[in-house]
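What follows is the residue order along each chain.
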Amino acid sequence: MNPQLILLISLISCLIVTACQALTDDEITSEWNTFLERTKKSYRSPVEASRRLAIFKENLETIESHNALFEQGKVTYKMAVTQFTDLTKEEFSQYVNKFKLSQRPKQSENIYKANPNLTVAAEIDWRNYGAVTYVKNQGQCGSCWSFSATGSMEGQSALVNGQPLVLSEQNLIDCATSQYENYGCNGGNMDGAFEYVSYYGIDSEEDYPYLEYQSDCEQRESVFRIRSYADIEHNEQSLQQAVSEIGPISIGIDATNELQNYASGILIDQTCSQQVNHGVLVVGYGSEGGYDYWIIKNSWGDYWGESGYFRLIRNYNACGITLMASYPII
Ligand SMILES: *[C@@H]1O[C@H](CO)[C@@H](O)[C@H](O)[C@H]1NC(C)=O
């Protein structure tokens, strides 16, 4: 063999071997600096910073080995660094659970149930119909419930009233409080938010902007009203028909596990439970590569996931997806 060719082959195989080896310190440092820049995080002390870096490194190794499985076609989703990559699994779980959804003692008198005589769309993505606003970020406030609620109200405003609006989570956090089983930044539920809006209406994001903490209720302006709200029967046929017929739907899921470092693809999370703790918004559904999925809008900013969204396996009752699904009635 020609010596130049041998050199080339050994150079290439060397590169491949290097790529397959564990991350170098330089790579870790570079990822860490990008993480700090993008998340604007800073730590109390150098000790805390080095503890966070050690956790980050461990997560980075999990991400690398998971993505190697993805390249081999063994898993259906990719992982990446997110704003939660400096947390241990336990800390992330605490973060989600601290902000947990509250259960309401009563159900809505309106129950949405699949009508088997109706045919539903094979796939739908309400983002293509102007029914979904930009991805928001709840930050360090346990207000997922308010983002989930504004999401389905924004959908109905656009689809039913023909009025695209961006609605105020802060209005709900400050005003739809304990009598609706809502606790500001310490959790809440979407139906309580809907009930409040059925009495008082809701203001726009612009007029009543997000603070990331609970403040005094101010009755400013109401730009959107609803009559009532409906709960969806606890099965995915009903949820699918509701998404197809009505628009974006508020749901609760267990978000404690694989969402921490989720990047893209169809999430099949073997470890999530049926204990819902995080309010989000289904904005559509579809199928890809033999897997059915839901398209879900999160409130963790657009640095996370598929530009703020994730896709979750459909028709497996994944992560308690059917247990807290509801929508506003205009
Ligand atoms: C479905 O169609 C059948 C036959 O027409 C009818 O008897 C039934 O009431 C329909 N079901 C619903 C939920 O509309």
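The residue numbering used here restarts from 1 in each chain and proceeds along that chain's sequence as written. Thresholds applied to this predicted model are a pLDDT of at least 70 for local features of residues and 80 or more for the giving and counting of side-chain atom pairs; totals over whole chains, interfaces and linings are not thresholded and use all residues. Neither water nor hydrogens contribute to the side-chain values; these are computed over all heavy atoms in the structure.

Thoughts on helix H5 (residues 144–159)
In step 1: With 16 residues, H5 extends 23 Å from end C-alpha to end C-alpha; this agrees with the ideal 22 Å at 1.5 Å per step.
In step 2: Relative accessibility under 20% of the residue-type maximum defines a buried residue, over 50% an exposed one, and the middle range a partly exposed one, all with a 1.4 Å probe and only protein chains included. Only DSSP runs of H or I reaching four residues or more are called helices, and only runs of E reaching two or more are called strands; each is numbered from the N terminus. Within H5, 15 of the 16 residues are buried, which leaves the element mostly enclosed by the surrounding structure. The span you would expect from a helix comes to 1.5 Å times its residue count less one.

Observations regarding the confidence of the model for the protein chain
Detailed reading of the predicted coordinates is not advisable wherever pLDDT is low.
In step 1: On average, residues of the protein chain score 92 in pLDDT, and 93% of them reach the 70 mark or higher.
In step 2: Here residues 5–20 is a poorly scored stretch, pLDDT under 50, and it has 2 contacts once near neighbours within four places are set aside; other chains count. Note on scores: pLDDT gives the predictor's confidence for each residue, bounded by 0 and 100. Whether two residues touch is decided by their heavy atoms; if any such pair falls within 4.5 Å, the residues are in contact.

Focus: the nonpolar core
In step 1: Counting 57 residues, the largest nonpolar core has Leu239, Val243, Ile249, Ile251, Ile253, Leu259 and Trp300 as the members making the most contacts within it.
In step 2: Per-element tally for this core: the top contributor is strand S7 (residues 278–288), with 5 residues.
In step 3: Both domain 1 (3–75) and domain 2 (98–329) contribute no fewer than three residues apiece to this core.
In step 4: If we ignore the near neighbours within four places in the chain, the residues touching Val243 are Ile124, Trp126, Ile249, Val282, Gly284, Tyr285 and Trp294.
In step 5: By size, the runner-up hydrophobic cluster in this structure holds 26 residues, among which are Leu165, Leu172, Phe224 and Val276. In this description, a nonpolar core means a group of buried Ala, Val, Leu, Ile, Met, Phe, Trp, Tyr and Cys residues linked to one another through side-chain atoms lying within 4.5 Å. Note that the domain bounds reflect an automated or database-derived domain assignment.

Quick notes on the packing of helix H2 (residues 25–39) against helix H3 (residues 46–71)
In step 1: Each axis is a line fitted through C-alpha atoms, taken for helices only over the stretch in contact, and angles between the N-to-C directions span 0 to 180 degrees. Packing of H2 against H3 leaves a shortest axis separation of 11 Å and a crossing angle of 110 degrees. Taken together, H2 and H3 sit at an angle that is classed as roughly perpendicular. In terms of crossing hand, the pair formed by H2 and H3 is right-handed. Contacts from Ile28, Glu31, Trp32 and Phe35 of H2 reach H3 at Ala49, Arg52, Leu53, Phe56, Lys57 and Leu60. For classification, angles of less than 35 degrees are called roughly parallel, those exceeding 145 degrees roughly antiparallel, those between 65 and 115 degrees roughly perpendicular, and all remaining angles oblique. When the near helix sits turned anticlockwise from the far one by under a right angle, the crossing is termed left-handed; a clockwise turn instead gives a right-handed crossing.

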